[in-house]
Amino acid sequence: MTISTISRTFTTARLVCRPVGSNLEKIRIPSRQLTRRGFLTVIQQGHEGWRLSLGRDPVKLTPGLNIKIPLYHTLTVLDIRESSVNIPNLPGYTADNVPVLCSGSLFYRINDSYKACFEVSEVEKNVQNIGTSAMRSVLGSFTYDQVIADRNELNRKLNVTIGNSISNWGVECTRFEVQSFQPANREVERQLELQMEAERNRRKQLLDTQAQINIAEGQKQRVILESEGHLEAKSNEADAKYKTVFREAEARQQQALMEASALSQQVENIARSLAPNSNPDEVTSEHRKLALATLVELKRLEQLRAIAESKSNSTYFFGDKAAGLGSPNDAFNIDYAQNVKAAVSDGGRASKNTSSNPITSGAIL
């Protein structure tokens, strides 16, 4: 009997066997027209099919037109594009025993359609079950604060865990995305809010303390720098004074040398003028002493002229006695002290008498 004959038989009638007495009776019951089956099938792009001949000998069917004989062939078509399964609000506990509700989406792709077809049944449902169990177990290894702070780390670990579990089925876990993560009830949420507020206050106090430490450290550095600046300024000022005094001393030394040289030149000139016939070779030490005394007398005359031309009411003393070069018991010093005492006791009468004469000369030449 050919395949076409079998097909026509099934489209016209069906045979029913029922017991009648002790014998089986074949009853021919008219049947409605069955759906007509073709010998060709089309595999869409992004899909792969596996054809079994009487339940064995699998043959892979690629996208396009393929042969499929009814009753002889069995066809299974798989979607090899990236797909996703949703994991709705899943109750779980974090590492710090916080009850939460978590939902996410698991994205996967079939890499080996043979394994996905013949090594696991209902691959999509099993992938969803693996994602649900893995999500609950991985969530227990993270604290609530860790999930809130870095959800990507949870996604990465879920992706690795689920991918290792479904790789034997020829399925690849491309990524896992946590969609929502929240406490299981309002009481837990309120306790977490209080905990987070306390943590924020603690961090605020730490930051305030650190800021005060930084301010104190800054003030300390400022004082140190100011003291170092003052020290440097004082050192520079001392160096400047030292250099100034040193240069002034050098200037005075040079001035004294120049004055001494000028005086020596004047004495030498006067000594030459005093020598017989003004011959430089005949100048002796006696001539130089006489020239020096003459020069001193000239200087004194200039001082007396300046005093005489002055309009001040002052008393001047000249000579060694006036300069206090004599001994304390000298008669001149004793007389001078007695005169000062008498002037004070008389109420200034001595000063009036002396004021009548603007210049009192006590010089000893």
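Residues numbered from 1 in each chain as written. Predicted model: local features only at pLDDT ≥ 70, side-chain atom pairs only at ≥ 80, totals over all residues. Heavy atoms only, no water.

Some words on the overall build of the protein chain
Working step 1: Along the backbone of the protein chain there are 9 helices and 10 strands.
Working step 2: The buried share of the protein chain, taken over its 365 residues, is 21%.
Working step 3: Across the protein chain, every contact between residues at least 6 apart in sequence was considered, and the portion connecting residues at least 24 apart equals 57%.
Working step 4: Of the accessible surface of the protein chain, which amounts to about 26400 Å², a share of 53% is contributed by carbon and sulfur atoms. (Helix = DSSP H or I, 4+ residues; strand = E, 2+ residues; numbered from the N terminus. Buried < 20%, exposed > 50% of the residue type's maximum accessible area, 1.4 Å probe, protein only. Contact = heavy atoms within 4.5 Å. Areas by Shrake-Rupley, 256 points an atom, 1.4 Å probe, with all protein chains shown as cover.)

Thoughts on the confidence of the model for the protein chain
Working step 1: For the protein chain, per-residue confidence averages 76 on the pLDDT scale, and residues scoring 70 or more make up 73% of the total.
Working step 2: In this model, residues 1–35 is a region of pLDDT below 50 whose contacts with residues beyond four sequence positions or in other chains number 27 contacts.
Working step 3: Across residues 348–365 the pLDDT falls below 50, and counting only partners more than four positions away or on other chains, this stretch makes 18 contacts in the model. (pLDDT = per-residue confidence, 0-100.)

As for the pattern of salt bridges
Working step 1: What the rule picks out here adds up to 13 salt bridges.
Working step 2: With a closest N to O distance of 3.1 Å, R222 and E226 form a salt bridge. On the criterion of helical spacing, the pair formed by R222 and E226 is a turn pair, its members being 4 residues apart in helix α6 (residues 186–274).
Working step 3: With relative accessibility at 39%, the residue E226 sits in the partly exposed group.
Working step 4: Put simply, K241 and E237 hold a salt bridge, and the shortest N to O gap is 3.6 Å. Pair noted here: K241 and E237 are both in helix α6, with a separation of 4 residues, about one helical turn.
Working step 5: Taking the relative accessible area as the measure of exposure, K241 reaches 51% and is therefore exposed.
Working step 6: The exposure class assigned to E237 is partly exposed, which follows from its relative accessible area of 38%.
Working step 7: Residues joined by salt bridges that share partners form a network here, namely E82, R109, E172 and R175. (Salt bridge = Lys/Arg side-chain N within 4 Å of Asp/Glu carboxyl O.)

A look at the packing of α6 against helix α7 (residues 285–309)
Working step 1: Where α6 meets α7, the closest approach of the two axes is 8 Å, and the angle between their N-to-C directions is 115°. Two packed elements cross with a definite hand, and for α6 against α7 that hand is right-handed. Across the interface between the two elements, L263, Q266, V267, E268, I270, A271 and L274 from α6 touch H287, R288, L290, A291, L292 and L295 from α7.
Working step 2: Split into classes, the residues belonging to the contact of α6 with α7 amount to 9 nonpolar, 2 polar and 2 charged. (Axes fitted to C-alpha atoms, helices over the stretch in contact; angles between N-to-C directions. Left-handed = near helix turned anticlockwise from the far one by under 90°. Nonpolar A, V, L, I, M, F, W, Y, C, P; charged D, E, K, R; others polar.)

Observations concerning the sheet that holds strand β10 (residues 171–183)
Working step 1: Spatial strand order, β8-β9-β10: 3 strands in an open sheet with antiparallel pairing. Each edge of the sheet is formed by a strand with only one pairing partner; in this case those strands are β8 (83–93) and β10. The sheet shows a mean angle of 20° between the axes of neighbouring strands, taken without regard to direction.
Working step 2: Two elements, strand β9 (residues 99–110) and β10, share 11 bridges in a ladder whose sense is antiparallel. In the strand pairing of β10, G104 is matched with V178. (Pairing = 2+ DSSP bridges.)

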